[in-house]
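Tertiary structure, described
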Amino acid sequence: RAIKENGARLREALETMKAMHGATSHEDLLPESQRAVDPLPRYVRVNTLKTSVQQAVAALQGEGHELRSVHDILSPHPENNKANARPCFAHDDTLPDVLVFPRGTDLHAHSLIAQAHLRMQDKASCLPAHVLTNGGKLHFNVALDACAAPGAKKP
């Protein structure tokens, strides 16, 4: 909540830091050793209580995102991650309600995220629901996560 309330000031401070250091991107502020590390792709779980995977895919394609193979998304080749390239995503190869975006894709302000139709999660966080529902074949009215840590608790 504090980040949302102070978002404008935080963005302004970040831009000031970039100007002070002559940085053209946020990543330029990181030490060289951390810039060289290839981060993981962005995993997004479709909230099937609000929309279907097909509807989410159609909405993304309607915005100009290109549906590609997961191999293309996970490829380390630079042509798959160009800033000026058409945005792209893929279906995850093991979890049917998970979409995969290239590393560095920023979806924080995307309308499907804001409306809770999509949830940004690491892939490991997407696995329990898949396993506990037998791949979406079982439906529960209530589930108790007695080992839950603080974090995203929206559906």
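Residues numbered from 1 in each chain as written. Predicted model: local features only at pLDDT ≥ 70, side-chain atom pairs only at ≥ 80, totals over all residues. Heavy atoms only, no water.

A short note on the overall build of the chain
We apply this condition: By the criteria applied, helices consist of DSSP H or I runs no shorter than four residues and strands consist of E runs no shorter than two, each listed in order from the N terminus. Remark: exposure states derive from per-residue accessible area (1.4 Å probe, protein chains only) relative to the maximum for the residue type, with buried under 20%, exposed over 50%, and partly exposed in between. Contacts were defined at the residue level, with two residues in contact if any of their heavy atoms lie within 4.5 Å. A 1.4 Å probe and the Shrake-Rupley method give the accessible areas. Residues count as covered only by the protein chains that appear here.
Broken down by element type, the chain carries 7 helices and 5 strands. Seen in sequence order, the chain has helices and strands lined up from the N terminus as α-α-α-β-α-β-α-β-β-α-β-α. Among the 155 residues that make up the chain, the fraction classed as buried is 26%. Nonlocal contacts in the chain, meaning residues at least 24 apart in sequence, comprise 58% of its contacts between residues at least 6 apart. Of the roughly 11,000 Å² of accessible surface on the chain, a fraction of 57% belongs to carbon and sulfur atoms.

What about the pattern of salt bridges?
Put simply, the rule is: A carboxyl oxygen of Asp or Glu within 4 Å of a side-chain nitrogen of Lys or Arg is what we treat as a salt bridge.
Under the criterion given, the structure shown has 4 salt bridges. Measuring nitrogen to oxygen at the nearest pair gives 3.8 Å for the salt bridge that ties Asp 72 to Arg 68. Residue Asp 92 pairs with Lys 123 through a salt bridge whose shortest N-O separation is 3.0 Å. Of this pair, Asp 92 sits in the loop between strand E3 (88-91) and strand E4 (98-101) while Lys 123 is found in helix H7 (residues 123-132), placing the two residues 31 residues apart along the sequence. Judged by relative accessible area, which is 8%, Asp 92 ranks as buried. Within the structure, one salt-bridge network assembled from shared partners comprises Asp 92, Asp 93 and Lys 123.

Observations regarding the nonpolar core
Side chains of a nonpolar character, in soluble globular proteins, are inclined to be buried together. In plain terms, the rule: What makes a nonpolar core is a set of buried Ala, Val, Leu, Ile, Met, Phe, Trp, Tyr and Cys residues whose side-chain atoms join them at distances within 4.5 Å.
Counting residues in each nonpolar core, the largest one holds 13 residues, and the members touching the most others are Val 44, Val 46, Leu 60, Phe 89, Leu 99, Phe 101 and Leu 118. Residue assignment for this core shows that the elements contributing at least two residues are strand E1 (42-46), helix H4 (53-62), E4 and helix H6 (111-114). If you tally residues by element for this core, the top one is H4, at 4 residues. The residues contacting Phe 89, other than those within four sequence positions of it, are Val 57, Leu 60, Gln 61, His 65, Glu 66, Leu 67, Arg 68, Ile 73, Leu 99, Val 100 and Phe 101.

Some details on the confidence of the model for the chain
How we decide: The predictor attaches a confidence to each residue, called pLDDT, with possible values from 0 through 100.
Per-residue confidence for the chain gives a mean pLDDT of 83; residues scoring 70 or more make up 78%. Here helix H3 (residues 32-35) is the element of the chain with the lowest mean pLDDT, 71, and H4 is the one with the highest, 97.

Points about the sheet that holds E1
Whenever strands of a sheet pair, they do so through backbone hydrogen bonds, lying parallel or antiparallel. Condition: For two strands to count as paired, DSSP must find a minimum of two bridges between them.
The strand order across the open sheet formed by 5 strands is E2-E3-E4-E1-E5, and the pairing between neighbours is mixed. Sheet topology places strand E2 (66-67) and strand E5 (118-120) at the edges, where each strand pairs with a single neighbour. Summarising the sheet, E3 and E4 pair through 2 bridges and their orientation is antiparallel. Within E4, the residue paired with His 91 across the bridge is Leu 99.

Things to note about the packing of aromatic side chains
Here is the rule we go by: Geometry of aromatic contacts follows a simple scheme: Phe, Tyr and Trp rings, the Trp one being its six-membered ring, pair when their centres are within 6.5 Å, and the pair is stacked under 30 degrees between planes, edge-to-face over 60, tilted otherwise.
All told, the structure shown has 1 aromatic pair when counted by the stated rule. Centre to centre, the rings of Phe 89 and Phe 101 are 5.6 Å apart; their planes meet at 25°, and the pair counts as stacked. Separated by 12 residues along the polypeptide, Phe 89 in strand E3 and Phe 101 in strand E4 bring together distant segments of the chain. This pair shows no difference in class: Phe 89 is buried, exactly as Phe 101 is.

Some remarks on the environment of Ala 56
Position of Ala 56 relative to the elements: it lies in helix H4. A C-alpha to C-alpha distance of 7.6 Å links Ala 56 and His 117, two positions 61 residues apart in sequence. When neighbours within four sequence positions are excluded, Ala 56 is seen to be in contact with Val 46, Thr 51, Leu 112 and Leu 118.

Observations concerning helix H2 (residues 7-21)
To be explicit about the condition: To estimate the expected span of a helix, count its residues, drop one, and scale the result by 1.5 Å.
Between its first and last C-alpha atoms H2 spans 21 Å; for 15 residues at 1.5 Å apiece the expected length is 21 Å, and the two agree. Two residues or fewer past H2, Gly 22 is found with a positive phi of approximately 65°.

So, the environment of Ser 52
One can find Ser 52 in the loop between E1 and H4. For Ser 52, a relative accessible area of 24% translates into the label partly exposed. Sequence separation of Ser 52 and Asp 97 is 45 residues, and the distance between their C-alpha atoms is 8.4 Å.

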